[in-house]
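Each chain, written out:
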Amino acid sequence: MITEPDCTAGCCGALYVTVRREGDVVIWDAWENTGNTGSLPAVMRFEAAQYEAELARAAADRSWEEPLDTAARLLEEILVESRWFERWGCVLIGVWPRRGEPDVPEELTSPEGVDVMFHDAHANAHESGGRGTSYGHELLLTGGEPVEEQVRRCAERILADDPRNTAEIREA
């Protein structure tokens, strides 16, 4: 899937393509638009070395990131590289930026920040009716100091002890 609407792919459709490499060529074909609107692109062929160079350039470009995106990326990198959650028998589910919701009153939403979600890999899901316990940490960014410093302090707090001890319990 390379694009979907603001709602969901199941609601209004999405655009899919198959990407494969054949020798020195990368091919985009088998296009599908599940929304049945508009025409589909023709088969596209790219020279593989140039294609891979462009992917590397795009992956290294962070100019589009907002502070929330940067914080989520950096915090996830630190947590994954540390393997801290695995040491405590936990599984890191993900690290995501949490943005405000347009047209929703501020008092009904959580403040913007970064959410860290994980669960206990050894918890007995049968004891909770088939649903395991999830845990979360959050980082609320302030505009007064560099994002990197805020991420470093948040990571230190999470990595200082069993992450379940300082996390908020959330329903799975």
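Residues numbered from 1 in each chain as written. Predicted model: local features only at pLDDT ≥ 70, side-chain atom pairs only at ≥ 80, totals over all residues. Heavy atoms only, no water.

### Examining the pairing of strand β5 (residues 113–120)
- Most of β5 sits inside the fold, with 7 of its 8 residues counted as buried.
- With 8 bridges joining them, strand β4 (residues 90–98) and β5 adopt antiparallel strand pairing. Pairing of P97 across the sheet is with V114, part of β5.
- Direction of pairing for β5 relative to strand β6 (residues 133–139): antiparallel, over a ladder of 6 bridges. (Buried < 20%, exposed > 50% of the residue type's maximum accessible area, 1.4 Å probe, protein only. Helix = DSSP H or I, 4+ residues; strand = E, 2+ residues; numbered from the N terminus. Pairing = 2+ DSSP bridges.)

### What to know about the nonpolar core
- L75, L79, F85, V95, V114, V116 and V151 are the most contacted members of the largest nonpolar core, which totals 20 residues.
- At the level of secondary structure, the elements contributing two or more residues to this core comprise α3 (67–82), β4, β5, β6 and α5 (147–159).
- With 6 residues, the top contributor of residues to this core is α3.
- Ignoring anything within four residues of it in the chain, the contact list for V95 reads A72, L75, E76, L79, V114, D115 and V116. (Core = buried A, V, L, I, M, F, W, Y, C linked by side-chain atoms within 4.5 Å. Contact = heavy atoms within 4.5 Å.)

### Describing the packing of aromatic side chains
- Under the definition given, this model contains 6 aromatic pairs.
- With centroids separated by 6.0 Å and ring planes inclined at 50°, the aromatic side chains of W28 and W31 adopt a geometry described as tilted.
- With 5.2 Å between their ring centres and 15° between their planes, F118 and Y135 make a pair best called stacked. Of this pair, F118 sits in strand β5 while Y135 sits in strand β6, and the two are 17 residues apart along the sequence.
- Exposure remark for Y135: the relative accessible area of 12% places this residue in the buried category.
- Through a chain of ring-to-ring contacts, three or more aromatic side chains come together here, namely W28, W31, F46 and Y51. (Phe/Tyr/Trp six-rings, centres within 6.5 Å; stacked < 30°, edge-to-face > 60°.)

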